[in-house]
Amino acid sequence: MAKQLVQIIIAGSQVVGKAFANALRQEIRLSQEAAKARGNQKASTTGQAAETARLGMTIEEAQQILNIEKLEPEVLESNYEHLFKVNDKAVGGSFYIQSKVVRAKERLDQELNLEKHKQGPESPDSPHT
């Protein structure tokens with residue numbers, strides 16, 4: 001009886017051990033695939049990465065929050081004004097959502113500034129002296 005009980009415990013341990021090892025291998029493989037996929041995406045510029053780290057929000061997330069497809073200052077401002085007013089706590093809105101709207105606008109404003117500076121201080125039409 002004791003011998004059979006020990007054999008059952010050993011067999012059960014082997015099954016659990018194999019399942020754990022398989023799960024660990026699968027997790028490592030999926031993690032490596034995810035890392036490769038992130039590496040294949042277009043690389044962010046250093047300025048974008050720094051602003052994302054500083055503000056804690058990606059450009060894509062900010063665009064989703066403000067419901068913007070392209071970075072156009074007029075659309076950005078109008079969507080921001082609307083969402084800020086709608087989410088005002090005085091009219092029953094959410095302070096949390098309103099703060100996300102503000103952070104999204106700050107992030108997109110920073111991106112617009114980075115794009116403006118990336119184009120260079122001189123325009124091609126300006127005369128060289």
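Here the residue numbers are simple positions, counted from 1 along each chain's written sequence. Totals for whole chains, interfaces and linings use every residue, but because this is a predicted model, local features are given only for residues with pLDDT of at least 70 and side-chain atom pairs only at 80 or more, for both listing and counting. No hydrogens and no water enter the side-chain calculation; it runs on all heavy atoms of the structure.

Novice: I'm lost on the overall build of the protein in this one. Help?
Specialist: Helix and strand counts for the protein stand at five helices and zero strands. The helix and strand labels rest on DSSP assignments: H or I over at least four residues marks a helix, E over at least two residues marks a strand, and numbering proceeds from the N terminus. Reading the protein from its N end, one meets helices and strands in the order α-α-α-α-α. Relative to its full complement of 129 residues, the protein shows a buried share of 17%. Of the contacts formed within the protein by residues at least 6 apart in sequence, a portion of 58% connects residues at least 24 apart. Carbon together with sulfur atoms contributes 57% to the accessible area of the protein, which is approximately 10300 Å² in total. Buried, partly exposed and exposed residues are distinguished by accessible area as a fraction of the type maximum, computed with a 1.4 Å probe on protein chains only: under 20%, between the cut-offs, and over 50%, respectively. Any two residues whose heavy atoms approach within 4.5 Å at even a single point are treated as in contact. In this description, accessible areas are obtained by the Shrake-Rupley approach with a 1.4 Å probe, and a residue is regarded as covered only by the protein chains that are shown.

Novice: How do you make sense of the nonpolar core when you look at a structure like this?
Specialist: Side chains of a nonpolar character, in soluble globular proteins, are inclined to be buried together. Among the buried residues, those of types Ala, Val, Leu, Ile, Met, Phe, Trp, Tyr and Cys that are joined through side-chain atoms within 4.5 Å form a nonpolar core. Core analysis: the biggest nonpolar cluster contains twelve residues, these being M57, I59, A62, L66, I68, L76, Y80, L83, V101, A104, L108 and L112. Residue assignment for this core shows that the elements contributing at least two residues are helix 3 (59-66), helix 4 (73-86) and helix 5 (95-118). When residues in this core are grouped by element, the largest group, four residues, is from helix 5.

Novice: Sorry, what's going on with the packing of aromatic side chains here?
Specialist: Any pair of aromatic rings gets described here by the distance separating the centres and the angle formed by the planes. Stacked, edge-to-face and tilted labels apply to pairs of Phe, Tyr and Trp rings (six-membered ring for Trp) whose centres lie within 6.5 Å, assigned for plane angles under 30 degrees, over 60, and everything in between, in that order. If you walk through the whole model with that rule in mind, you get one aromatic pair. Ring centres of Y80 and F84 lie 5.6 Å apart, and the angle between their planes is 35°; this geometry places the pair in the tilted category. A residue pair is termed a helical-turn pair when its members lie 3 or 4 positions apart in one helix, as Y80 and F84 do in helix 4 at four residues. A relative accessible area of 14% places Y80 in the buried class. Taking relative accessible area as the criterion, F84 reaches 30% and is therefore assigned partly exposed. Sitting over a ring, as applied to charges here, requires NZ of Lys or CZ of Arg to be within 6 Å of the ring centre and within 35 degrees of the ring normal. In this structure, K105 is placed above the aromatic ring of Y80, and the distance from its NZ or CZ to the ring centre is 5.2 Å.

Novice: Would you mind showing me how to read the pattern of salt bridges here?
Specialist: A pair can form between side chains of opposite charge whenever their charged atoms are brought close. By salt bridge we mean one thing: a side-chain nitrogen of Lys or Arg within 4 Å of a carboxyl oxygen of Asp or Glu. All chains considered together, the criterion is met by six salt bridges. A salt bridge links R29 to E33; the shortest N-O distance between them is 3.3 Å. Residue R29 and its partner E33 are located together in helix 1 (residues 2-40), separated by four residues, close to a single helical turn. Relative accessible area serves as the criterion here: at 41%, R29 is assigned to the partly exposed category. You can call E33 partly exposed: its relative accessible area is 42%. Of the charged contacts, one joins R107 and E111 as a salt bridge, the two residues approaching to 3.6 Å between their closest N and O atoms. Here R107 pairs with E111, and both are found in helix 5, just four residues apart, close to one helical turn. Pair check on accessibility: R107 and E111 agree, each one buried. One network of salt bridges, in which partners are shared, links E77, K105 and D109.

Novice: Any chance you could explain the environment of I65 here in plain terms?
Specialist: Within the secondary structure, I65 is located in helix 3. Along the chain, I65 and I97 lie 32 residues apart, while their C-alpha atoms are 9.1 Å from each other. Setting aside its immediate chain neighbours within four residues, I65 contacts M57, L83, K100, V101 and A104.

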